[in-house]
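Reading the structure
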6 protein chains.
Amino acid sequence: MAEILPSIFGADLGNLNDELEFLKNEKTTILHVDMMDGNFVPNIAFGDIQINDLKKRTNMIFDVHMMVDHPFDHIDSVLDAGVEMICVHYEATPHIHRLIKKIKGSGRKAGVAITPSTRPEELEYLLDDLDYILVMTINPGHKGEKFIEQSLEKIRHTKQLIGDRPIQIEVDGGVNDAIAKQCKDAGAELIVVGGFLFSNDPSVQYQKLREAIS
Amino acid sequence: MAEILPSIFGADLGNLNDELEFLKNEKTTILHVDMMDGNFVPNIAFGDIQINDLKKRTNMIFDVHMMVDHPFDHIDSVLDAGVEMICVHYEATPHIHRLIKKIKGSGRKAGVAITPSTRPEELEYLLDDLDYILVMTINPGHKGEKFIEQSLEKIRHTKQLIGDRPIQIEVDGGVNDAIAKQCKDAGAELIVVGGFLFSNDPSVQYQKLREAIS
Amino acid sequence: MAEILPSIFGADLGNLNDELEFLKNEKTTILHVDMMDGNFVPNIAFGDIQINDLKKRTNMIFDVHMMVDHPFDHIDSVLDAGVEMICVHYEATPHIHRLIKKIKGSGRKAGVAITPSTRPEELEYLLDDLDYILVMTINPGHKGEKFIEQSLEKIRHTKQLIGDRPIQIEVDGGVNDAIAKQCKDAGAELIVVGGFLFSNDPSVQYQKLREAIS
Amino acid sequence: MAEILPSIFGADLGNLNDELEFLKNEKTTILHVDMMDGNFVPNIAFGDIQINDLKKRTNMIFDVHMMVDHPFDHIDSVLDAGVEMICVHYEATPHIHRLIKKIKGSGRKAGVAITPSTRPEELEYLLDDLDYILVMTINPGHKGEKFIEQSLEKIRHTKQLIGDRPIQIEVDGGVNDAIAKQCKDAGAELIVVGGFLFSNDPSVQYQKLREAIS
Amino acid sequence: MAEILPSIFGADLGNLNDELEFLKNEKTTILHVDMMDGNFVPNIAFGDIQINDLKKRTNMIFDVHMMVDHPFDHIDSVLDAGVEMICVHYEATPHIHRLIKKIKGSGRKAGVAITPSTRPEELEYLLDDLDYILVMTINPGHKGEKFIEQSLEKIRHTKQLIGDRPIQIEVDGGVNDAIAKQCKDAGAELIVVGGFLFSNDPSVQYQKLREAIS
Amino acid sequence: MAEILPSIFGADLGNLNDELEFLKNEKTTILHVDMMDGNFVPNIAFGDIQINDLKKRTNMIFDVHMMVDHPFDHIDSVLDAGVEMICVHYEATPHIHRLIKKIKGSGRKAGVAITPSTRPEELEYLLDDLDYILVMTINPGHKGEKFIEQSLEKIRHTKQLIGDRPIQIEVDGGVNDAIAKQCKDAGAELIVVGGFLFSNDPSVQYQKLREAIS
């Protein structure tokens, strides 16, 4: 069963409390948070102090997407912030296995994110330890980019590689209601939505998204 | 004449609009924004997308403090955000002169920030192009740190080096009302305040700060 | 149909105008230019100022092979130089998809280069956007190295992965007439030649190469 | 036929001469030496000066495992130390083919090490030049870590990829007698042992290990 | 006594042989060569292969200005090219003393270059080993930039720090005849000229420059 | 009063226990340990695991000289090893003030090391927090180098800058008995000796050194 993960980076940064209240009323389970260091990706946003601060304002599960060059330098403070799900980029370190083990060893769900050019086959020796795989459907670190069509095939292929392991597929980037449905049909269960959800009337948008994947 | 520059990083991130409204009502002229990349400094916060978004919500002058490893990679988007004052760390690049010229060439005010271990003498060949010098009074990239006492002597010494050039001294880190007064007496004109201002009753705190430096 | 791409790095650097004239008379269509930063590869040569300067001297199509650590820092100036074909190393950035899209979006042909140790399978999710794949037949950044024999099998395998997509295979490194023929037979269409072409009587060498691949 | 490679990093650093004497008496053929730079891996140990010094104290073959960020900066001094076997991490450089060729060209045995997350398929275009493949069975750069179970499958898979090429499989990390046997049965021939060998009565431990793989 | 050092980067890259012939006829003693890696400075040009090639075409003394991030990685090949003068940036390595000693130990003249923001005082502990100091009069790595006026004061100050040591001051960037004279009057003896020299009629320009500093 | 600090890097690595026993019998108070990462300096040696191991074998005070690129990545494990004195390179981080505070805050003695090209003036804003300054008398990270003569003047100048603060001057590199005396006379109190002490008859050498500085 698929669900929508609102991305806080797409919300109104001037009224985060209201946005969190809105998401709570919409019965959001998981909040997606983009951590960007301006080095692994060009933009900068949401470090551990901000994440820690946000976490105290809500009971939602936090899914932190670490887009950083030196994930080992930041993992302790992200864990300390009390977030429940953490995903790190396969491309950011050759020691991804150790990082996954550290996240799991702290009782959190561990994910691996892959950029549009990375093949899911690369994750072969991580599959036994993963809770989810984030298939980036745009290039990470940007806003307002267009969904990459071939991602749908990648989702299906990833699904196949996962087999009957209890791993969920997450997608992030350029998702609207129609695309959400396509992603769900291809095998995605965790569907991150930013700009589309928080545009126009968010409540209506949310409803469209939920219907699309129901 | 000294003035208080509220640091948005110390405000309530859940209610930035309200915080901006509060600052407007308090007749704040300049808002200080910390840009941190998790590489030059350990924390991550406020990239160009967030700064751009904040800038649209208010008429205050923005003073962006770039704490990043590769300032040339970020300067264009910071300039595009329309901010009026930009300061970069002397320690972040050997090409600081070129960066200063670029900021000035874009019609903005240019500052250089120095960490607690850097001597103001290092800035000798930049003085003719600078609008302000940010003397860090804590180590950059942290929150809630204690004001470094010897900063007062550094401010006085910087003042002396500046001579009659139209350069303002800015201080940032660990400032409360008593310290604000000491900094002002030492020669600082731009006094950044974060935690102290936004604690308890901010309106009262603001008043204390203003009185201290009046 | 295969063609020879002379590599300007193999020409007489003291008489580039004459060399360009020679290539024009030989009806060369595409000129190959090696851009090396001394970081991704040990040697340094041909930055954007030199490429820009060369481009104005001739009507040949330019194929720039970017062997640099931070391709995003250089792509704008390479595009500004007006070159028609740009290939970047798969190993140089995890954001190769974004780079390819940028090159394509500027109306140029986009290629990806792979070092001798990289498998063509890695390019799977780039194939729909590529115009050519540069299979390095020596280790990049050196001169006068010996052609790596197993490259022929890699070319054949790459050909197979490409299927009926309109992607050309380019080879570069250690190519003489006999090897040019072997590469062409294996499936290469763009055959870069440096030292062999510009040795002895270049006109004779060129003829040998053309005959070998005819 | 499998053999045990004692890892000097697990020996008593206060009595290396005695340890070397012990290993000689036990008829050790190959000594494994971990070179760690605190950058590619978190720990630091055994640079070229120490390796050079150790090499003069014994006639054993040295197998140096380079866990460093810039292997080209260190390869010359490692070669100068006179060691007979050198393995470098696939993940440490895109120019691994050139490094392997350099090691082979100096008349030494060349190996490639892969971290737990790296697939042996990645080595496809190196197989014709390799003497051995080091399948890391823990994450490199740590001590006292637990053997990663899925390594056994990776060894078997690597064995299959090697086919009838004369390449040996080496394992390193968390090995005791029972695991040594499992690794040997899976196809490993070079079995590095550190902590287990040098604990309790090393002579007894060594015997246990030898029996396990006999 | 001051002299003009033509910068090959300002010459016609299409006719370097002719340019070298012209410089020979003009009795040029020293040729200035800019080595740029696209990392320490944004542009890329003139690595060791090109320098080596140029060196064979002329008897002029070569003065190589290394604008690179990792000077130790390139110094051997620059020395091997047989150049007589090498200057490295103070800002590029904390081990500049060792680099200077290496250059001197190879029987070459050693210089240190400083960017516009660096104070000559920083060179205090290098003065006893230096043959020349390159005071950059523009920001390094660019073409066609404007001479920084305050450089004149920096030259005078550097002259004072040098005292009676046999160290020459070199200037580079934005120099024309009038500026050449100012630099000479301030104490510079080695005056690099690029664009101005090779514009219009180079022979006339050269003459203007010579007269200006005579 | 000056004292000799034997450098373990100069001892017989095959018999460290005996060497430690020898040093104990010679009533050595402080043992100097070089931590080198092959990045800040070319050599690699003595990481935290080895330091931790050595520390347990003796009661001597440990003085760890961190020659590493990312001192913040290593400081925790060095502190955990229980060493009493730690010095870090001024050139290794712009956040040296924070590092010094961290060392002091852990109840250890804090030092700053400077390479031969760094002026002691740079340390001005650290003086109030320092216990010692390590004036490198060779370029760090090498063995068997020759003492740099101008270091004596640098020691005297450093002494002057220290004034009556309780800061000791340490020297390291190329020291024999005659040089030890010169350093002591110039103001050094902590005199590191490696090769000279452990050559010939170390007991005699030690005696020579002690006499020289008595």
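The text that follows walks through the structure, step by step, so that each part is easy to find.

Conventions we followed
Residues numbered from 1 in each chain as written. Chains lettered and ligands numbered in written order. Predicted model: local features only at pLDDT ≥ 70, side-chain atom pairs only at ≥ 80, totals over all residues. Heavy atoms only, no water. Contact = heavy atoms within 4.5 Å. Least-squares fit on C-alpha atoms with pLDDT ≥ 70 in both. Pairing = 2+ DSSP bridges. Helix = DSSP H or I, 4+ residues; strand = E, 2+ residues; numbered from the N terminus. Axes fitted to C-alpha atoms, helices over the stretch in contact; angles between N-to-C directions. Buried area = accessible area lost by both parts, 1.4 Å probe. Salt bridge = Lys/Arg side-chain N within 4 Å of Asp/Glu carboxyl O. Polar contact = N/O pair within 3.5 Å; in protein donor to acceptor, adjacent residues only side chain to side chain. Nonpolar A, V, L, I, M, F, W, Y, C, P; charged D, E, K, R; others polar. Patch = residues over 30% accessible without salt bridge, like charges linked within 9 Å, V, L, I, M, F, W, Y side chains within 5 Å. Areas by Shrake-Rupley, 256 points an atom, 1.4 Å probe, with all protein chains shown as cover. Lys, Arg positive; Asp, Glu negative; His and termini not counted. Charge placed at Lys NZ, Arg CZ, Asp CG, Glu CD. Parallel < 35°, antiparallel > 145°, perpendicular 65-115°, else oblique. Left-handed = near helix turned anticlockwise from the far one by under 90°. Buried < 20%, exposed > 50% of the residue type's maximum accessible area, 1.4 Å probe, protein only. Right-handed = clockwise from strand over helix to strand, strands pointing away.

So, the arrangement of the chains
Contact between chain B and chain D is absent, and the minimum C-alpha spacing across the pair is 15 Å. Kept free of each other, chain C and chain F leave a smallest C-alpha distance of 15 Å between them.

Observations regarding the relation of the copies chain B and chain A
The transform that puts chain B on chain A rotates by 180 degrees and translates by 0.0 Å along the axis, for an RMSD of 0.0 Å. On this basis, the relationship between the two copies can be described by a two-fold rotation axis. Looking at the interface residues of chain B, 100% of them are also at the interface in chain A, so both copies use one shared face.

What about the sheet that holds strand E2 (residues 30-37) of chain A?
Backbone hydrogen bonds hold the strands of a sheet together, and the pairing may be parallel or antiparallel. Residue and element names in this part refer to chain A. One open sheet holds the nine strands; their spatial order is E1-E9-E8-E7-E6-E5-E4-E2-E3, and the pairing between them is mixed. Only two strands of the sheet have a single neighbouring strand rather than two, namely strand E1 (3-6) and strand E3 (44-45). Inspection of the sheet shows strand E6 (residues 109-114) paired to strand E7 (residues 132-136) by four bridges, in the parallel sense. Residue pairing across strands places Ile 114 opposite Val 135, the latter belonging to E7. Most of the contacts of helix H7 (residues 202-213) go to E1, to which it runs at about 145 degrees, and overall it touches E1 and strand E9 (190-193).

Observations regarding the relation of the copies chain E and chain C
Expressed as a screw operation, the relation of chain E to chain C combines 0.0 Å of axial shift with a rotation of 180 degrees, fitting to an RMSD of 0.0 Å. Take the interface residues of chain E: 100% of them recur as interface residues in chain C, which is what a same-surface contact looks like.

Things to note about the interface of chain E and chain C
Each side of the interface is counted separately: chain E has 28 residues, and chain C has 28 residues. When chain E packs against chain C, close to 2200 Å² is buried across both sides, 52% of that on carbon and sulfur atoms. Here chain E is connected to chain C by two salt bridges. Salt-bridge contacts for E:Arg57 lead to C:Asp12; the nearest nitrogen and oxygen are separated by 2.3 Å. Run the count over chain E and chain C and you get twelve residue pairs in polar contact (both at pLDDT 80 or more). Counting only elements with at least two residues in the side of chain E that touches chain C, the list comes to helix H1 (16-25), strand E2 (30-37), strand E3 (44-45) and helix H2 (48-55) of chain E. Here the side of chain E that touches chain C gets four residues from one element, more than from any other, and that element is H2(E). Classifying every residue of the side of chain E that touches chain C by side-chain character gives eleven nonpolar, ten polar and seven charged.

Regarding a negative patch on the surface
A contiguous patch of negative charge, built from A:Asp18, A:Glu21, B:Asp18 and B:Glu21, is present on the exposed surface. Taken together, the elements giving at least two residues each to the negative patch come down to helix H1 (16-25) of chain A together with helix H1 (16-25) of chain B. Counting through the fold element by element, B:Glu21 comes out in helix H1.

A closer look at the packing of helix H5 (residues 151-162) of chain D against helix H6 (residues 177-186) of chain D
All names here are of chain D. Where H5 meets H6, the axes come as close as 8 Å, and the angle between the chain directions of the two elements is 25 degrees. Judged on the interaxial angle alone, H6 and H5 are roughly parallel. Handedness of the H5/H6 crossing: right-handed. In this structure, H5 uses Leu 152, Ile 155, Arg 156 and Lys 159 to contact H6, whose residues at the interface are Gln 182, Cys 183 and Ala 186. Residue composition of the contact of H5 with H6, grouped by class: four nonpolar, one polar and two charged.

Let's talk about the pairing of strand E6 (residues 109-114) of chain E
Residues and elements named next belong to chain E. Extensive coverage of E6 is indicated by the burial of five of its six residues. Here strand E5 (residues 85-89) runs beside E6; their pairing, made up of five bridges, is parallel. By the bridge assignment for E6, Ile 86 is matched with Ala 110. Handedness of the crossover is the feature at issue here: the chain leaves E5, passes through helix H4 (residues 96-105), returns alongside E6, and the resulting connection is right-handed.

Topic: the interface of chain B and chain A
Chain B puts 28 residues into the contact, and the matching count from chain A is 28 residues. Buried area between chain B and chain A, summed over both chains or domains, comes out near 2200 Å², and the portion from carbon and sulfur atoms is 52%. Inspection of the chain B/chain A interface yields two salt bridges. For the pair chain B and chain A, the number of links is twelve residue pairs in polar contact (both at pLDDT 80 or more). Elements with a contribution of two residues or more to the side of chain B that touches chain A: H1, strand E2 (30-37), strand E3 (44-45) and helix H2 (48-55) of chain B. Its residues placed into classes, the side of chain B that touches chain A shows eleven nonpolar, ten polar and seven charged.

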